[in-house]
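Summary of the model geometry
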Amino acid sequence: MKALASSQKFRNFVVVFSLSATVIYVLSDLSGWAPFTYHPATGRLEWGRTLPRQNEGPVMYWYGWTVGMLIGASILGLLGTLLPERVVKRIPLALIWILPILAIPLLVYSLMPFWTK
Amino acid sequence: MDFLFDYISVTTFWTILLIVHGLLAIALLGALTHQAASVLMPVRVPSDGFVTRFRAVKGAGYVTAVCVLWVLTFLMGAWIYIKYRIYVRIPIERAGFWKTQGFFEMKEHMVTIGLGVLPAYWYLWKNADDAGTATARRWLTVVLAAICWFSFLVGHVVNNVRGLGS
């Protein structure tokens, strides 16, 4: 673990992973795009974003958003390890905690139907 | 898993999972609150006061526990979310508690974003000697603690609306 924590490539990975995870998740929520849809009443999994089926209860996109975020951020994080050190060092680390705060108004907006009913 | 239902009811099984989820969340809340207090109000002069002792912890010692607890709490939440969607959310919507449901959706979003920034949190605390990353480490810890408190309180309210025993 110590070797990992002192590795420059791992630093690049975590910085790119954490920044892109927030962005990917918010974009998934705002766009509604999900790599798969889960039907909790029947246990059915379908690729992409699908609508509820008749007599099969509601659908859930959150699992798709979460897995999509983890896969997307992992790919970008791995690509980040290929970047030169000087490029990643230019990325402000403050963005890692600022982006989740900036995400709040966007996510609140995406939930507008719940606030206005 | 079906063999379990020879001994306990399905409702008891999911109730146990909900309680475990809550207990993990409490442990996470305690660890993150200690750590956030230690970075926001570091102790310069030791004393015997309760608040001073509370914030006098070494934040770096909590990082692995926080990461493990966040992931475990998240996984337990994701597991019981299946039942929540049908047996809790639908009645909540029928009862017209739209804002309660909205806050639950917000909790789900924020804990997922928290999961996404967890690797950076781990890295920053594992390099706690690096003064150049102190600001990012401090505020990321505070943001995670705020997400944890928000999620805990929302989960508590939703449980009051329709949780244990309903």
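Now for a description of the structure that goes with this document. All of these numbers come straight from a predicted model, not from anything done at the bench.

Glancing now at the interface of chain B and chain A. Accessible area lost when the parts come together is the quantity often used to give the size of an interface. Taken together, the contacts link 37 residues of chain B with 40 residues of chain A. Together, the buried faces of chain B and chain A total about 3300 Å²; carbon and sulfur atoms form 81% of this surface. The interface formed by chain B and chain A contains zero salt bridges. Our enumeration of links across chain B and chain A arrives at eight residue pairs in polar contact (both at pLDDT 80 or more). Examining the composition of the side of chain B that touches chain A, we find that 21 residues originate from one element, helix α4 (residues 98–126) of chain B, more than from any other. Split by residue class, the side of chain B that touches chain A holds 22 nonpolar, eight polar and seven charged.

Our next topic: the pairing of strand β2 (residues 44–47) of chain A. All names here are of chain A. Looking at chain direction, strand β1 (residues 36–39) and β2 are connected through four bridges and run antiparallel. Across the sheet, T37 pairs through a bridge with E46, a residue of β2. Hairpin connection, β1 to β2: the antiparallel pair is bridged by four residues, and G43 has positive phi, about 80 degrees.

Now for the packing of aromatic side chains. Using the criterion set out here, one finds 23 aromatic pairs over all chains in the structure. Centroid distance A:W97 to B:W139: 5.9 Å. Interplanar angle 35 degrees. Geometry classified as tilted. With A:W97 in helix α5 (residues 95–110) and B:W139 in helix α5 (residues 134–162), this residue pair bridges two chains. In this structure A:W97 comes out as buried when scored by relative accessible area, which is 17%. Residues B:F13 and B:W79 carry aromatic rings whose centres are separated by 5.9 Å and whose planes lie at 75 degrees to one another, so their mutual orientation is edge-to-face. A residue pair is termed long-range when its members are at least 10 positions apart, and B:F13 in helix α1 (residues 10–40) and B:W79 in helix α3 (residues 63–94) qualify at 66 residues. On the basis of relative accessibility, which here comes to 7%, the residue B:F13 falls in the buried class. An aromatic cluster of three or more residues is present, and its members are A:Y38, A:W62, A:Y63, B:F74, B:Y81, B:Y84 and B:F104. Seen from the ring of A:Y61, A:R49 lies directly overhead, with NZ or CZ sitting 4.2 Å from the centre. Directly above the aromatic system of B:W98 lies the positively charged group of A:K117, at a separation of 3.7 Å from the ring centroid.

The rules behind the values
- Residues numbered from 1 in each chain as written.
- Chains lettered and ligands numbered in written order.
- Predicted model: local features only at pLDDT ≥ 70, side-chain atom pairs only at ≥ 80, totals over all residues.
- Heavy atoms only, no water.
- Contact = heavy atoms within 4.5 Å.
- Buried area = accessible area lost by both parts, 1.4 Å probe.
- Salt bridge = Lys/Arg side-chain N within 4 Å of Asp/Glu carboxyl O.
- Polar contact = N/O pair within 3.5 Å; in protein donor to acceptor, adjacent residues only side chain to side chain.
- Helix = DSSP H or I, 4+ residues; strand = E, 2+ residues; numbered from the N terminus.
- Nonpolar A, V, L, I, M, F, W, Y, C, P; charged D, E, K, R; others polar.
- Pairing = 2+ DSSP bridges.
- Phe/Tyr/Trp six-rings, centres within 6.5 Å; stacked < 30°, edge-to-face > 60°.
- Buried < 20%, exposed > 50% of the residue type's maximum accessible area, 1.4 Å probe, protein only.
- Lys NZ or Arg CZ within 6 Å of the ring centre and 35° of its normal.

These figures capture arrangement, not role.
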